[in-house]
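Here is what each chain is made of, one letter per residue.
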Amino acid sequence: MPEADEGRRERRYLDLLKKSLANELYLENEVRLLYVFTSLHANRPIDDRALRHVGSALPAILDQVRAARAEGRPWWKVGIPRPDGSVQMLNLRNVCEFSHTMVGRRRLDSLESCLDAIRLENIPGDLIETGVWRGGCTVFMRGYLDIWSLEGRTVWAADSFAGLPPPTHPEDAGRDYTPATTPILAVPVDEVRDLFARYGLLDDRVRFLEGWFRDTLPGAPIERLALLRLDGDLYESTRDALEALYDKVVPGGFVVVDDYGDFLPCRRAVDEFRARRGDSVPLEKIDWTGVYWRKPA
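Here the structure is a predicted model, which is why all the values come from computation and not from measurement.

S.K.: Account for the packing of helix α11 (residues 235-245) against helix α12 (residues 264-277), with residues named and values stated.
M.R.: At their nearest, the axes of α11 and α12 sit 7 Å apart, and the two run at 30° to each other. Classified by chirality, the crossing of α12 by α11 is right-handed. Here Tyr235, Thr238, Arg239, Leu242 and Glu243 of α11 lie close against α12, whose contacting residues are Pro265, Cys266, Arg268, Ala269, Val270, Glu272, Phe273 and Arg276.

Written out as structure tokens, the structure is:
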């Protein structure tokens, strides 16, 4: 096989997988919903042409959502002008966001690069995400193992599958993302299993750890980790995952933190843990919020 063609099939599959997980393929449908619900709340008529031809009728909105999706940034808040000149901010997330992952293209690309290094350098161990939401990143991990025929590794999906816990640690005070306030974050385990099945990737090499991290992670039957991806948002969740799993990350393995740049409680948990362990390996920035580092020997 010519060198230029090596891995071409695998890369095309993984690129299509990322496009599907981030809903890049049907982004116009999310824009349609954003347009419809904004129009309804503003008591404006809905233009049928805009629904049919989103790209030409609503190019600015489409470009805005596309750019936000690439970076994994929020895009679902819109301002509705009021008669008195003020603006009502409307959060349409629950009716518009239908991607299988929030992380965006740059963090998916970075995840693939980490998995490339694990494969090419033969770094042993399983892969885990703590805080999986709809399961997109873990689906990508399993797809990567499948397309590159990497046997003997398990993908672990750890989540309460019932939303974020009530904030109990002082560092998390005022950060209430429980189902009562943020229902979109509560995705049942059966829905995540179904997502794996729809991608043809549900098998015995996908393991689910259901419950709060403090209860499920310390006793999880995981021997070694090549990649630990943290996406628990809160200080307590991030700390619990690091305390339970960091020692299982092998030398040269990756620790990826999704919320480091965006969420102060998460950042403090990571910084304090690394300082306590004397880990001075520089953090590598992925995008506006994601970072990673490799565990030293």
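That covers the picture; the talk isn't over yet.
S.K.: I'd like to hear about the sheet that holds strand β3 (residues 126-130), residue by residue, with values.
M.R.: Ordered in space as β5-β4-β3-β6-β7-β9-β8, the seven strands form an open sheet in which the pairing is mixed. In this open sheet, the two strands that pair with only one neighbour each are β5 (206-210) and β8 (284-285). Sheet analysis places β3 next to strand β4 (residues 155-159), joined by four bridges and oriented parallel. For Ile128, the partnering residue across the bridge sits in β4 and is Trp156. Its contacts with the sheet put helix α7 (residues 104-120) on β3, β6 (225-230), β7 (249-257) and β9 (291-294), and the angle it makes with β6 is roughly 165°.

S.K.: I'd love a proper account of the pairing of β5, names of residues and values included.
M.R.: When β4 meets β5, the two strands line up parallel, connected through five bridges. Looking at β5, one finds that Ala157 is bridged to Phe208.

S.K.: Report on α7, specifying residues and quantitative values.
M.R.: Between its first and last C-alpha, α7 extends 25 Å over 17 residues, near the 24 Å set by a 1.5 Å rise per residue. Most of α7 sits out of view: 13 of its 17 residues are buried. Two residues or fewer after α7 comes Asn122, characterised by a positive phi angle close to 55°.

S.K.: Account for the pattern of salt bridges, naming residues and giving values.
M.R.: When the charged atoms of two side chains with opposite charge come close together, those side chains can pair. Using the criterion set out here, one finds 29 salt bridges in the structure. One salt bridge connects Arg66 with Asp63, and the closest N-O pair in it is separated by 3.3 Å. Placement of the pair is Arg66 and Asp63 together in helix α5 (residues 59-71), with a separation of three residues, close to one helical turn. A relative accessible area of 45% means that Asp63 is categorised as partly exposed.

S.K.: So, the pairing of strand β2 (residues 87-91): which residues are in play, and what are the values?
M.R.: As defined by bridge partners, strand β1 (residues 77-81) adjoins β2 across five bridges and the pair is classed as antiparallel. For Pro81, the partnering residue across the bridge sits in β2 and is Val87. The turn joining β1 and β2, which pair antiparallel and follow one another in sequence, is formed by five residues; a positive phi near 95° is taken by Gly85.

Rules used throughout
- Residues numbered from 1 in each chain as written.
- Predicted model: local features only at pLDDT ≥ 70, side-chain atom pairs only at ≥ 80, totals over all residues.
- Heavy atoms only, no water.
- Axes fitted to C-alpha atoms, helices over the stretch in contact; angles between N-to-C directions.
- Helix = DSSP H or I, 4+ residues; strand = E, 2+ residues; numbered from the N terminus.
- Left-handed = near helix turned anticlockwise from the far one by under 90°.
- Contact = heavy atoms within 4.5 Å.
- Pairing = 2+ DSSP bridges.
- Expected span 1.5 Å × (residues − 1).
- Buried < 20%, exposed > 50% of the residue type's maximum accessible area, 1.4 Å probe, protein only.
- Salt bridge = Lys/Arg side-chain N within 4 Å of Asp/Glu carboxyl O.

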